[in-house]
Amino acid sequence: MDKYRLVEEKVIGAPGFDRSSADAKPANTSTGGTMEDICVVRITPQAKPRSCITTAMNILESGSNHVELRAMGKAINKAVTIAEILKRKMPLHQITTLSSCEIVNVYEPLEEGLDTVVNQHYVSCLTITLSRDLTGIDVNDKGYQPPLLIQPGQPVDYNTGKIVAAS
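Rules behind the numbers
- Residues numbered from 1 in each chain as written.
- Predicted model: local features only at pLDDT ≥ 70, side-chain atom pairs only at ≥ 80, totals over all residues.
- Heavy atoms only, no water.
- Helix = DSSP H or I, 4+ residues; strand = E, 2+ residues; numbered from the N terminus.
- Contact = heavy atoms within 4.5 Å.
- Core = buried A, V, L, I, M, F, W, Y, C linked by side-chain atoms within 4.5 Å.
- Buried < 20%, exposed > 50% of the residue type's maximum accessible area, 1.4 Å probe, protein only.
- pLDDT = per-residue confidence, 0-100.
- Axes fitted to C-alpha atoms, helices over the stretch in contact; angles between N-to-C directions.
- Parallel < 35°, antiparallel > 145°, perpendicular 65-115°, else oblique.
- Left-handed = near helix turned anticlockwise from the far one by under 90°.
- Nonpolar A, V, L, I, M, F, W, Y, C, P; charged D, E, K, R; others polar.

1. As for the overall build of the chain
Piece 1. Scanning the chain from terminus to terminus reveals 2 helices and 9 strands.
Piece 2. For the chain, the succession of helices and strands along the chain, N to C, is β-β-β-α-β-α-β-β-β-β-β.
Piece 3. Contacts in the chain between residues far apart in sequence, at least 24 positions, make up 71% of those at least 6 positions apart.

Okay, structure coming up:
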């Protein structure tokens with residue numbers, strides 16, 4: 001692809017996953033909706049988990065009750081890890097949503113005589129909404145997970161989330 005340059009990139013089918021959105025910006029600042037602002041942390045393959053965790057913790061400590069972690073493709077496993085670390089630091093309700101989106105790249109030739117190339121591929125998208133309380137959270141959602149009840153120093157079975165009795 002040395003003889004082509006990227007002209008346009010579109011993300012189709014996943015609202016909020018456009019490449020122009022910045023980290024830690026409220027999702028509905030431009031619309032002025034009635035729902036409480038949900039702050040978004042975009043997780044990319046290049047992002048350091050520690051900085052994403054710090055950003056999400058700062059959002060939650062600044063008074064916001066919700067934070068939304070969004071990841072696409074290879075960054076999904078990093079988003080799940082970050083969500084689990086955050087849930088162990090503070091009791092958070094979680095709703096996980098998995099979707100798919102189409103990415104369309106249009107390449108324009110740099111030399112005469114070549115055709116425009118359109119590349120389409122599908123990528124998985126993950127949205128994890130973490131909340132301190134149940135406002136705006138549907139506990140009957142199929143992606144809902146209640147907060148972990150973990151005391152420091154207590155052994156926990158992480159598969160079930162239950163405290164293991166000392167024998």
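2. A short note on the nonpolar core
Piece 1. If you look at the biggest cluster of nonpolar residues, it comprises 24 residues, and the most contacted ones within it are Val41, Ile43, Val67, Leu69, Ile82, Leu86 and Leu130.
Piece 2. Those elements giving two or more residues to this core turn out to be β3 (39-43), α1 (49-61), β4 (66-72), α2 (76-89) and β6 (117-131).
Piece 3. The element contributing the most residues to this core is α1, with 6 residues.
Piece 4. Core analysis: the second largest hydrophobic core is formed by 7 residues, Ala14, Phe17, Cys101 and Val123 among them.

3. Concerning the confidence of the model for the chain
Piece 1. Taken as a whole, the chain shows an average pLDDT of 80; of its residues, 76% reach a score of 70 or greater.
Piece 2. Low pLDDT (under 50) marks residues 21-36, which in the prediction has 25 contacts with non-local residues, meaning those over four places away or in another chain.

4. Here we look at the packing of α1 against α2
Piece 1. The geometry of α1 relative to α2 is characterised by a closest axis approach of 10 Å and an angle of 50° between their N-to-C directions. When the interaxial angle is binned, α1 and α2 end up oblique. Considering how the two elements wind past one another, α1 and α2 form a crossing that is right-handed. Residues Pro49, Cys52, Ile53, Ala56 and Met57 of α1 pack against Lys78, Ile82, Ile85, Leu86 and Lys89 of α2.
Piece 2. Its residues assigned to classes, the contact of α1 with α2 shows 8 nonpolar, no polar and 2 charged.

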